[in-house]
Amino acid sequence: EEKAQSGTVCTTCPYCGVGCGVLARSNGRGEITIKGDKAHPANEGRLCSKGSALGETTDLDDRLLAPVVNGAEADWDSALDLVAERFQATIAEHGPDSVAFYVSGQLLTEDYYVANKLMKGFIGSGNIDTNSRLCMASSVAGHKRAFGTDTVPGLYADLDEADVIVLVGSNLAWCHPVLYQRIAAAKKARPGMKVVNIDPRRTATSDIADTHLSIAPGGDVALFNGLLAEIAAQGAVDGDFVANHVSGFEAALDAANGTDLSVTGLSGEELAAFFHLWIGSEKVVTIYSQGVNQSSFGTDKVNAITNCHLATGRIGKPGMGPFSVTGQPNAMGGREVGGLANMLACHLDIENPEHRSAVREFWDAPTMPEVAGLKAVDMFRAVGEGRIKAIWVICTNPAVSLPDADGVRAAIEGCDFVVVSDITAQTDTAQLADVLLPATGWGEKDGTVTNSERCISRQRGVLPPPGQARHDWRIICDVAARMGWGAAFDYSGPAEIFREYAALSGIAGKLGRDFDISALAAISDRDFEAMAPFHWPLTETRQGGRFFGDGRFYTPDGKGRMLALEVKAPASMPSADYPFRLNTGRVRDHWHTMTRTAKSPRLSQHMAEPYLEVHPDDASRLGLLPATLAKVQSPQGSAVLRVVVTDRGRKGEVFAPIHWSGQNSATGRIDAVVTAITDPVSGQPDSKGAVVKVEPF
Ligand code: SF4
């Protein structure tokens, strides 16, 4: 009551997967002030630089305020009619797989749900994929292989209780700052807690680490295979847990024994000390992020980690477990409602006939694809080859963020019909659209998101939709209605959509799936409005909490699966022509392609322009001086970046941030350089694996 009167709204930060609660207060003139929400379990009042600058990013400069058709402002009816007609005509002539939706981990779960329902249940194709494919698809695939479902076993509270935290391929200090702060606070309270940072680069995260292991790129499977072999050699296997709750132990151990650990690039002393620490401390949390996922064998890396936790039974209990931290605010919500091309809503599988028919019946859908659709990189390949003839890009900027960005841009440019829904027309992708649809953004939208620890929170609007902007769920439903499916997409608002997928999750629960929030299937609009953050699932036997500590998994035999993992070489190896490995990642104060964070001068001060980190020995050999420009070139494309000479990285390796685009800089678009190689299991791009040459510009 007090909050409503003061104009303060409890909402959730739209950036990373920590999912911090935010109190946003409007002054009634389009400006808002921001504070951390002490009542939110994810952050207990903390915010990082990006979250606390949210109030500086809600102005209407560069906002798309009306539909645009072929470069001219149009009214909603004619724009929506055109979208529906062109999609219908394309489907009629070339079949349902000739169209696609490419969506975003920035969407709210309700937006995601209706987009997925339209493509899979009504258009009848699996061709809906998301930029979450770039951030955590390998974790999804690894979870499904090990646990039978895409389940994050633990909670953030485990970080407070762990004795050892291992951070693998994660610059948590910049990419998930509030979780980093949480670990820092836990370490201060319990100085005996140890932190190990495994990353080819020394980053801001290394500051908190007792040990930084500068692993060679691609060395992770060997490292965790080595750990598994050592766990067995030292008698640290949890025999009861493995005998009763785990399959594949012997084969995984056979594959691990004799692994050549030299590929890790770590010394015998470093390896022995790491193995000793991990094995000697029962409460170990292994956090991993894009350094694991963005790889040509990212799924194997995930399972090399889950193998060690399964072998020791260190999973789903306080202070222990493998922990995937997701990049985006709602990558998890998208996964829950089937935003990936190979999933159905509520963690049901598209290729499982029983799951398929349950969803089809629930939706009363006219059709349902029997196979997965195209994953992100393959989707844009199909656009380029003319197999996909109409694409709708919602809330993301693939012409900058996908690998082979020049190829993706050319594919979109050559596509027969391109629709883009976004808050701005000023992205590389939006500028290629035939139809631009103005969407509401953070601060205006209402719905839910799920963070990295399965906590579902409300995002709430504090500002009115500007101009003619509409909510994404509404735009998608309006198109669905024009395609003839109005009855199935006739929602009064996000609460009604939430009720529908909550009800579907009950069916999923009966089919043995983990995601079950059906206890909320009859939630009133009023209670949805007031809904406090909660962790799923919400079944009679389990209310939030951890998974798998009881030894119950979601595989057909109910056991957690260990995988026999071969050590593979990275898909691209440095050569005389391309002697450097290119690593890519985030900076602290920018987000994705900067459509929002670039509005804040405070955030832009941290890193003012795109840059290339080069080791001092390489810089001197190449004649590169600090602050000069370097051209970085792969077989795929090139970029020009400001040189930063630093020994943070290893010799022979360079690093560049991902954020800058053709709009902000003519040359800093690093994904033009990244090759479009993907993990064969997850389809996630190998965004840290390109080989390049570097020369003064
Ligand atoms: Fe937002 Fe992530 Fe920062 Fe929290 S840690 S305020 S969710 S960017």
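Residues numbered from 1 in each chain as written. Predicted model: local features only at pLDDT ≥ 70, side-chain atom pairs only at ≥ 80, totals over all residues.

For Asp364, the location among the structural elements is in the loop between helix H16 (353–363) and helix H17 (376–384). Exposure remark for Asp364: the 9 C-beta atoms within 10 Å place this residue in the exposed category. Asp364 sits 203 residues away from Val567 along the chain, and the two C-alpha atoms are 46 Å apart. (Helix = DSSP H or I, 4+ residues; strand = E, 2+ residues; numbered from the N terminus. Buried ≥ 20, exposed ≤ 12 C-beta atoms within 10 Å, placed from the backbone.)

Glancing now at the sheet that holds strand E15 (residues 417–422). In space, the seven strands of this open sheet follow the order E5-E4-E16-E15-E14-E6-E7, with mixed pairing throughout. The two strands at the open ends of the sheet, each matched to only one other strand, are strand E5 (72–73) and strand E7 (128–130). (Pairing = 2+ DSSP bridges.)

On to the environment of Leu402, then. When you line up the elements, Leu402 lands in the loop between helix H18 (398–401) and helix H19 (405–414). With 82 residues separating them in the primary sequence, Leu402 and Met320 have C-alpha atoms 34 Å apart. Dropping the residues within four chain positions of it, Leu402 is found in contact with Ala376, Val377, Phe380, Val408 and Asp671. (Contact = placed C-beta atoms within 7 Å.)

Okay, the domain arrangement of the protein next. A common measure of how large an interface is: the accessible area buried when the components associate. Structurally, the protein comprises domain 1 (2–56), domain 2 (68–132 + 344–436 + 464–532), domain 3 (137–325 + 556–561) and domain 4 (580–696). With centres defined by C-alpha atoms, the gap from domain 1 to domain 4 works out at 31 Å. With five residues of domain 1 at the interface, the matching set in domain 4 holds eight residues. Split by residue class, the side of domain 1 that touches domain 4 holds two nonpolar, one polar and two charged. (Domains from an automatic or database assignment. Nonpolar A, V, L, I, M, F, W, Y, C, P; charged D, E, K, R; others polar.)

This next bit is on the confidence of the model for the protein. On average, residues of the protein score 95 in pLDDT, and 98% of them are at 70 or above. For residues 1–5, every residue scores under 50 in pLDDT, and the model assigns this stretch one contact once sequence neighbours within four places are set aside. Here the prediction assigns the complex a pTM of 0.96, and the interface score ipTM is 1.00. (pLDDT = per-residue confidence, 0-100.)

Burial along strand E13 (residues 321–324) is two-sided: the face carrying Gly321 and Phe323 and the face carrying Pro322 and Ser324 are both buried. As judged from the four bridges shared by strand E12 (residues 284–288) and E13, these two strands associate in the parallel manner. Opposite Ile287, over in E13, you have Phe323 as the bridge partner.

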